[in-house]
Amino acid sequence: MRQICGSLLTTTNLYIQFKRNNKIILVTCANGKVGKQIVQNLKNKGLKIRAMDVNEKVHDLVKLYDVDEAVVGDINNPKDVAAALQGIESVLYIPTSGLHNETHSAKVVIDQAVVAKVKKFVMMSAMHPNMSTLLQHTAKLKAEEYLVYKGLTDNLNYTILQPQHYCHNFDIDLVEKLGAYHCFYNKNTKLSVVDVDDVADAAYCVLTQDIHQNATYELSGSSYLSSQEKTDIYNKLTGKNIPCIEVGIEDFIKQIHVTDTYTQDALRAVSYTYGTFGIAGNPNVLQWITGKKATTFEEYLQKQLAKKASLEQA
């Protein structure tokens, strides 16, 4: 049994939570790296999900995670969003990643949510959106501001979640393929990290409880590590001796074949900010919401390595 939202997640109280929240929830960008993991987590807790994504592969989530409904649509298109919101009372807004129009996308979804008289709007943003050296954070800050004003003028019940740098950016499959961990910023600068499952747990609590209106929550884990320290932990757990290698940002952009100029500039901004300053957070808010300790980076790696071993044995 797991501790979640301050109580043990048992079959009985899971059923009670589900009965209280049996209305379907719209999750945007559900087929992205973060979206898929959050959708899977919410479905495992019994919530009814309508998954929306511009990618037609969103339909695969019905079979993969037992998603209740899947719709193909563009969050920049008001008509697509209005159609996806039909019959919806709660929205988990996950934004597109690294696109120049992220603020516009948020405004479209927020406006349509107001028209649809949505009862709860949960926005997934980012930790410290006021760090102006990060382009995507600036876009998220403007989106948050718009939501706050809409909450005041249109009585929109909102909650903003600000997750920290995700643990899964240390991709064990890629590390094993390359025989090294490549980072495109100073490998000795420290960053706080958070497990996406912990973020999903927090989203579940916010979506199923009535105490989070007008709140903005920073969601960070307790681990504060450099890329080199993450690599050291991986080596300790696996018995390997892979290196942590710094890759120049221009080389990195070429390696991942990014051609969009905004995304290139956003990556350069990440490289500068993470390499010069790092980013830090505190786990207290996350732990208060979920009622459990935040997952450490070492615990996250242990979980991923065990999952990988299980799949290889199957």
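So, a few notes on the structure that sits alongside this text.

Reading the values: the criteria
- Residues numbered from 1 in each chain as written.
- Predicted model: local features only at pLDDT ≥ 70, side-chain atom pairs only at ≥ 80, totals over all residues.
- Heavy atoms only, no water.
- Helix = DSSP H or I, 4+ residues; strand = E, 2+ residues; numbered from the N terminus.
- Rg over C-alpha atoms; globule rule 2.2 N^0.38 Å.
- Buried < 20%, exposed > 50% of the residue type's maximum accessible area, 1.4 Å probe, protein only.
- Contact = heavy atoms within 4.5 Å.
- Areas by Shrake-Rupley, 256 points an atom, 1.4 Å probe, with all protein chains shown as cover.
- Lys, Arg positive; Asp, Glu negative; His and termini not counted.
- Charge placed at Lys NZ, Arg CZ, Asp CG, Glu CD.
- Phe/Tyr/Trp six-rings, centres within 6.5 Å; stacked < 30°, edge-to-face > 60°.
- Lys NZ or Arg CZ within 6 Å of the ring centre and 35° of its normal.
- Pairing = 2+ DSSP bridges.
- Core = buried A, V, L, I, M, F, W, Y, C linked by side-chain atoms within 4.5 Å.

1. Side note on the overall build of the chain
Then, number 1: Check the secondary structure of the chain and you find 13 helices and 14 strands.
Then, number 2: Against the globule reference of 20 Å for 314 residues, the chain gives a C-alpha radius of gyration of 19 Å, in line with a compact fold.
Then, number 3: Based on the C-alpha atoms only, the size of the chain along its principal axes is roughly 55 × 45 × 35 Å.
Then, number 4: The buried share of the chain, reckoned over its 314 residues, is 53%.
Then, number 5: Within the chain, contacts between residues at least 6 apart in sequence are counted, and of these 75% link residues at least 24 apart.
Then, number 6: Summing over all exposed atoms, the chain offers an accessible surface of approximately 14,800 Å²; the carbon and sulfur share of this is 51%.
Then, number 7: The positive charge centre, built from 33 side chains, and the negative charge centre, built from 33, are 4 Å apart in the chain.

2. Considerations on the packing of aromatic side chains
Then, number 1: In the structure shown here, the tally under the stated rule is ten aromatic pairs.
Then, number 2: On the basis of an interplanar angle of 75° and a centroid distance of 5.4 Å, the ring pair of phenylalanine 184 and tyrosine 185 is categorised as edge-to-face. Of the two residues, phenylalanine 184 and tyrosine 185, both sit in the buried class.
Then, number 3: Put simply, the rings of Phe170, Tyr181, Tyr234, Phe297 and Tyr300 touch in pairs and so form one group of aromatic residues.
Then, number 4: Taking NZ or CZ as reference, lysine 45 lies 5.8 Å from the ring centre of tyrosine 204, over its face.

3. Notes on the sheet that holds strand 9 (residues 165-166)
Then, number 1: Pairing is mixed across the open sheet formed by three strands, whose spatial order is 9-11-13. Since the sheet does not close on itself, it has two edges, and those belong to strand 9 and strand 13 (224-226), each with one partner.
Then, number 2: As paired elements, strand 11 (residues 190-194) and strand 13 share three bridges and run antiparallel to each other. Pairing of serine 192 across the sheet is with tyrosine 224, part of strand 13.

4. Section: the nonpolar core
Then, number 1: Judged by nonpolar contacts, the single largest core of 63 residues is most densely connected at Ile38, Ile49, Leu92 and Phe121.
Then, number 2: Of all the elements, helix 8 (residues 196-208) adds the most residues to this core, at nine residues.
Then, number 3: Those residues in contact with isoleucine 38 that lie beyond four places of it in its chain are Leu92, Ile94, Met124, Val196, Val199 and Ala200.

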